[in-house]
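# Breakdown of the fold
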Amino acid sequence: MYGRIIGSEHIVVTISSTMGLIIGLSHTTVMIFFFSTLRRAECFTTSSKFKSSLQHRNNFLLASSPSAVDEEKSRPTPPIPFRDENAFVLAGELPDEAHQDDASPPPIRQSKLSKNPLLSPPRRLPNPYGWMRDDSRTNTTVLNHLREENEYTRQMTQHLDGLTEELYEEFLSAIEETDYTTPAAYAGYWYYSRFVEGLSYPIYCRAPRKEGDLYHPPINEGWNEKCDNPFDMQKLLPDEEVYLHLPEMASTKTYLASGAIRISPDDKHVAYSLDEVGGETCQLYIKHIESGKERVLYDGDELLEGDGSIVWDNEGKSIFFCTLDATHRPYRLYRRQVFDNEGNFIDDKMQIDELIFEEEDGSFSLRIMKTFDRRHLVLTCSAKESTELHYIDLERSKDIEDSVGEQLVCISKRLDKLCYRATSCAGYWLIQTNNMGNTPNLSLKACRVGEEEDPSSWLDVVNTENETPEVMFTGGDGRSLDGVTIFSPPDENNDAPLAYGVVSGREEGIPRIWILEFAEGEINDATMSLKASPLHVTKSCRLEFDESAYDCGIGGNRDNTLPHVVVSYDSLVTPPSHIAIPLSNPEDFEARRVLKEKQVEGYDKELFGCERFTVKCRDGETEVPVSMVFQRDSLTKNNGNIPVHLYGYGSYGASIEASFRSTRLPLLKRGVVYVLAHVRGGGENGRPWYEEQGKYLGKKNTFNDFVDIARWLTDESELGASDDIGRGITNPSKLSCEGRSAGGLLIGASINQAPDLFRAALLGVPFVDLMCTMVDSTIPLTCIEWQEWGNPNEEEYHDYMMSYCPMQNVQEGKTYPSCLITGGLHDPRVAYWEPAKFAATLRHTSTSSGPILLKTDLDAGHFAASDRYKYLKEQAFEFAYLLEQLGVV
């Protein structure tokens, strides 16, 4: 609903097509109560007290942008959106009159599993800029406001165009614009993607692989030579063929992101999904690789849309995929046969979808994958604190007549607090589980396939290489487990283990990889207090690297029969590389083979340094890890005035790794010290760092840690650290901060807590309207997120969440840092109106040491630009803003 005040007694109202409207009019008050078709109830009142304010601004619901004051015509004026101080949303138990009508179900206020009482009576949450929400993303008033904000940001930063271009060129010089990914073996081909200078998207290629080849053939000479037409690239490997050319597909689009890309079992077709808007809803396609003929999949007369996931059956006749509900939740798994028994494509109208599974609980979502040995389809139904896994034996399904849905087997029914994953290993399931929440990290257990009916059948996997067997991964504090990948190379000499397991996890606060050798046999040892699984470990090795702090992980592995695993490795000062490590002899550094190293032109590693230390937070006990990277001569000038950029995230158990980023180099070369705060809520110190200390009613630890680290860097902290590195190297006029998405919540809460501690803040697609979003189950992902933050409709969480919600806690009259806030119009994770409302709130409520800027990408979603060049230009713009605010330029 939008309108403009024409005079003192008249109002012109435009009603959007999604709204139902009731208007009550008196001399002093206009009461407008409306319901959206998405079951959202809001109430706005317009009293005479601020009607004059509206006339003063000549603006009602942002019908027009304000004019600059005459004497300040030369200075850009930020848009001043209408602010309704009486607008609100309700948290808690809604009154009956707030329901839409008898034909519509009432909005969901809590999950089915919740035992907490709702707020009754409900409480009002101030929502003065609530009109900015337009679920259709088509309202011209809202779009015009976003464009006006973008124009204001452009005017305020146009003097930085030269610096932005300079940074962009430095970014380009630090990457190989013409490049390729490490070729990975799969069946009869080497698979890789290529990047060509001037083309914004990857080109997916493959080349024939000779039988028995373990490593790809030599790279062709001249593969990276420039061509007049960038589409006419030289071949990388002999007989290379392109099976998916994204640059050609993107030539007429403003946004393009690929979802799943899956080769059929007979190697003839590729099934893939594309997101052409940025809203993370994908269309599905199948292409015949040799002929290039592409088929678009339909759902009746409409394009078939889903979450982007695709899995082939093992015959290459059918695909499995998931579709989304109205809240963007993957909730249905389908199987569709697309080829007949003769291999002919079935006409669109003749294709029939078989519903395999439907998830009715709004707090659970679906995810599908094929096991690494390609034997099973695994369906994961997951909430934040519970999982339920099902599987289909794809080999068995070829030989039986039952419908595929009837072959779905559950590993364990969902139970409160039971989280688990499963990996196929030589007739067993290797299960990583939190044991109903009884262990702080995941433990490793096993059961035979077909005997997995409940967790009591899962037995510990023990290591027998020492005299006394011991449980390999107990789930205790010291070692966390993230995943297991199983390799089964051919046993030519009858002396190989049953299988090799490559385990990823964390120990001593950094990523680790272990290589295990598995055998089968009963274990009877008097020292064992628990019964062990017959599947056990006979040898284990934790991979070691030259540097003390680094990032490592499982690289591009597609073939489970290879005798080596490819791992990725980098650090804050070491560019990424991919290394093949022999499974039978992983300790031997000489046997390792570097397959590819990232080349960074002009980079001299010796000029840069990095440190890792801990800062004691305000509770006086918790040591929070901090990583710092810098140009060495920057710290020699330490006079408490070094420009420092502090980055954080701290949610969902996600770790911010000490990894290499070439885009940091322009900052480092200009004397900026880049600091990573590994605050609680992340996974750097295992799952307790997240589960016990960084979510729900412990969430404020995340923000406190970040602020405490900032105070340490500015020497305002009275707390200790593992050493004095980094202490007092800067001051608030030289300190900036950054976070994206949930990291934007971190930044919003931190600058509210200590607005005078930072000079500038970058908030990328920030989740800052926590309360108004989390009370509303019609907003995508809300129900799922209740098990992350809490549900503000409930008594237990409302006040706590309200106390740190950035939107609700901007301090009036305080001087805030300058802020650059970004959003994406089609973002389904953090809706564009959150950053827009926060920018308006900061300008209205506080003063600022610099401009409050909002930049919304009208062609993208949560993950910014899909075009790699556009993405780098956006990064250059942000860094140019940052360098100016820090006084570096």
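Residues numbered from 1 in each chain as written. Predicted model: local features only at pLDDT ≥ 70, side-chain atom pairs only at ≥ 80, totals over all residues. Heavy atoms only, no water.

### Let's talk about helix H13 (residues 833–845)
- Here H13 spans 18 Å end to end across 13 residues, near enough to the 18 Å set by a 1.5 Å rise per residue.
- Within H13, 11 of the 13 residues are buried, which leaves it mostly tucked inside the rest of the structure.
- For H13, the complete set of buried residues consists of Trp833, Glu834, Pro835, Ala836, Lys837, Phe838, Ala839, Ala840, Thr841, Leu842 and Thr845. (Helix = DSSP H or I, 4+ residues; strand = E, 2+ residues; numbered from the N terminus. Expected span 1.5 Å × (residues − 1). Buried < 20%, exposed > 50% of the residue type's maximum accessible area, 1.4 Å probe, protein only.)

### As for the packing of helix H3 (residues 161–174) against helix H14 (residues 868–885)
- Here H3 crosses H14 at 130°, and the two axes come no closer than 8 Å. One way to sum up the angle between H3 and H14 is to call them oblique. Relative to H14, H3 is oriented so that their crossing is right-handed. In this structure, H3 uses Leu163, Thr164, Leu167, Tyr168, Phe171 and Leu172 to contact H14, whose residues at the interface are Tyr869, Leu872, Lys873, Gln875, Ala876, Phe877, Phe879, Ala880 and Leu883. (Axes fitted to C-alpha atoms, helices over the stretch in contact; angles between N-to-C directions. Parallel < 35°, antiparallel > 145°, perpendicular 65-115°, else oblique. Left-handed = near helix turned anticlockwise from the far one by under 90°. Contact = heavy atoms within 4.5 Å.)

### Some details on the sheet that holds strand E26 (residues 386–393)
- Taking strand neighbours across the sheet as the criterion, the four strands line up as E24-E25-E26-E27 in an open arrangement whose pairing is antiparallel. Two strands in the sheet have a free side with no partner beyond their single neighbour: strand E24 (365–370) and strand E27 (409–412). Averaged over all neighbouring strand pairs, the angle between strand axes comes to 25°, with direction disregarded.
- In terms of strand pairing, E24 meets strand E25 (residues 376–383) through six bridges, oriented antiparallel. Within E25, the residue paired with Ile368 across the bridge is Leu379. (Pairing = 2+ DSSP bridges.)

### Quick word on the sheet that holds strand E40 (residues 577–582)
- Read from one edge to the other, the open sheet built from four strands follows the order E38-E39-E40-E41, with strand pairing classed as antiparallel. The outermost strands of the open sheet, each flanked by one partner alone, are strand E38 (551–554) and strand E41 (593–597). Strand-to-strand twist in this sheet, taken as the mean axis angle between neighbours without regard to direction, amounts to 25°.
- Of the strand pairs in this sheet, strand E39 (residues 564–570) and E40 are connected by six bridges, and their pairing is antiparallel. Each bridged residue has a counterpart across the sheet, and for Val567 the counterpart in E40 is Ile579.

### Section: H14
- The end-to-end C-alpha distance of H14 is 26 Å, a good match for the 26 Å that 18 residues give at a rise of 1.5 Å each.
- Where burial is concerned, most of H14 is hidden: 14 out of the 18 residues are buried.
- Here H14 starts with a cap whose side-chain oxygen sits 2.8 Å from the backbone nitrogen of Tyr869, and that cap is Asp867. (Polar contact = N/O pair within 3.5 Å; in protein donor to acceptor, adjacent residues only side chain to side chain.)

### Examining a negative patch on the surface
- A contiguous patch of negative charge, built from Asp299, Asp301, Glu302 and Glu305, is present on the exposed surface.
- Structurally, the position occupied by Glu305 is in strand E19 (residues 305–306). (Patch = residues over 30% accessible without salt bridge, like charges linked within 9 Å, V, L, I, M, F, W, Y side chains within 5 Å. Areas by Shrake-Rupley, 256 points an atom, 1.4 Å probe, with all protein chains shown as cover. Salt bridge = Lys/Arg side-chain N within 4 Å of Asp/Glu carboxyl O. Lys, Arg positive; Asp, Glu negative; His and termini not counted. Charge placed at Lys NZ, Arg CZ, Asp CG, Glu CD.)

### Quick look at the pattern of salt bridges
- If you walk through the whole model with that rule in mind, you get 41 salt bridges.
- Note that Glu85 is salt-bridged to Arg83, the shortest N-O span being 2.6 Å.
- Relative accessible area serves as the criterion here: at 15%, Arg83 is assigned to the buried category.
- For Arg512, the salt bridge identified is with Glu508, shortest N-O distance 2.5 Å.
- Arg512 gets classed as buried once you look at its relative accessible area, which sits at 6%.
- Look at the salt bridges and you will find they share partners, linking Glu385, Lys417, Arg687, Glu691 and Lys695 into a network.

### A word on the packing of aromatic side chains
- Summed over all chains, the structure comprises 26 aromatic pairs.
- Between Phe703 and Tyr804 the ring centres are 5.1 Å apart and the planes differ by 50°, which places this aromatic pair in the tilted class. In this pair, Phe703 is assigned in helix H8 (residues 700–713) and Tyr804 in helix H12 (residues 795–804), connecting sequence segments 101 residues apart.
- Consider the rings of Tyr800 and Tyr804, whose centres lie 5.8 Å apart with planes at 75°: the pair is edge-to-face. Placement of the pair is Tyr800 and Tyr804 together in helix H12, with a separation of four residues, close to one helical turn.
- Residue Tyr800 is classed as buried on the basis of its relative accessible area, which comes to 19%.
- Counting every residue linked through ring pairs, the aromatic cluster contains Tyr186, Tyr189, Tyr191, Tyr204 and Tyr243.
- The residue whose ring lies beneath Arg592 is Phe589, and the NZ or CZ to ring-centre distance is 4.2 Å. (Phe/Tyr/Trp six-rings, centres within 6.5 Å; stacked < 30°, edge-to-face > 60°. Lys NZ or Arg CZ within 6 Å of the ring centre and 35° of its normal.)

### Description of unusual backbone geometry
- For the peptide bond that leads from Ser120 to Pro121, omega is 0°, which places it in the cis range.
- With a phi angle near 65°, Arg374 is a residue other than glycine that sits in the positive phi range.
- Tracing the backbone shows Arg374 in the loop between E24 and E25.
- Of note in the backbone geometry, Tyr652 takes a positive phi value of approximately 65° without being a glycine.

### Here's the deal with the nonpolar core
- Core analysis: the biggest nonpolar cluster contains 113 residues, and Leu646, Phe706, Ile709, Leu713, Phe758, Trp789 and Ile821 have the highest contact counts within it.
- Residue contacts for Phe706: discarding those within four places in its chain leaves Leu646, Tyr647, Gly648, Ala677, Val679, Cys737, Leu746, Ile747, Ser750 and Phe758.
- In this structure, Tyr428, Ala446, Val461 and Ile486 belong to the second largest nonpolar core, which totals 19 residues. (Core = buried A, V, L, I, M, F, W, Y, C linked by side-chain atoms within 4.5 Å.)

### Here's the deal with the state of the cysteines
- The tally for this structure, following the rule as stated, stands at zero disulfides.
- This cysteine, Cys737, is not joined by any disulfide, and Cys819 carries the nearest cysteine sulfur, 7.5 Å off. (Disulfide = S-S within 2.5 Å.)

### Some points on the packing of H8 against helix H9 (residues 742–753)
- One way to put it is that H8 packs onto H9 with a least axis distance of 9 Å and a crossing angle of 65°. In this structure, the crossing between H8 and H9 has a hand that is right-handed. Along its contact with H8, which presents Thr702, Phe703, Asn704, Phe706 and Val707, the element H9 presents Leu745, Leu746, Ile747, Ala749, Ser750 and Gln753.
- Partitioned by chemical class, the residues of the contact of H8 with H9 number seven nonpolar, four polar and no charged. (Nonpolar A, V, L, I, M, F, W, Y, C, P; charged D, E, K, R; others polar.)

### Quick notes on the environment of Ala184
- Summarising the element assignment, Ala184 is placed in strand E9 (residues 184–186).
- Exposure remark for Ala184: the relative accessible area of 7% places this residue in the buried category.
- Along the backbone, Ala184 and Asn557 are 373 residues apart, and their C-alpha atoms lie at a distance of 6.1 Å.
- With sequence-adjacent residues up to four places away left out, Ala184 is seen in contact with Tyr189, Trp190, Tyr191, Gly556 and Arg558.

### Focus: the confidence of the model for the protein chain
- Averaged over every residue, the pLDDT of the protein chain is 89; residues scoring 70 or more account for 89%.
- Low confidence marks residues 1–71, where pLDDT is under 50. Its contacts with residues over four positions away, or in another chain, come to 152 contacts. (pLDDT = per-residue confidence, 0-100.)

### What about the pairing of E40?
- Of all the six residues making up E40, five are buried; the element is thus mostly covered by neighbouring parts of the structure.
- As defined by bridge partners, E40 adjoins E41 across four bridges and the pair is classed as antiparallel. Following the sheet pairing, Ala580 is matched in E41 by Arg593.

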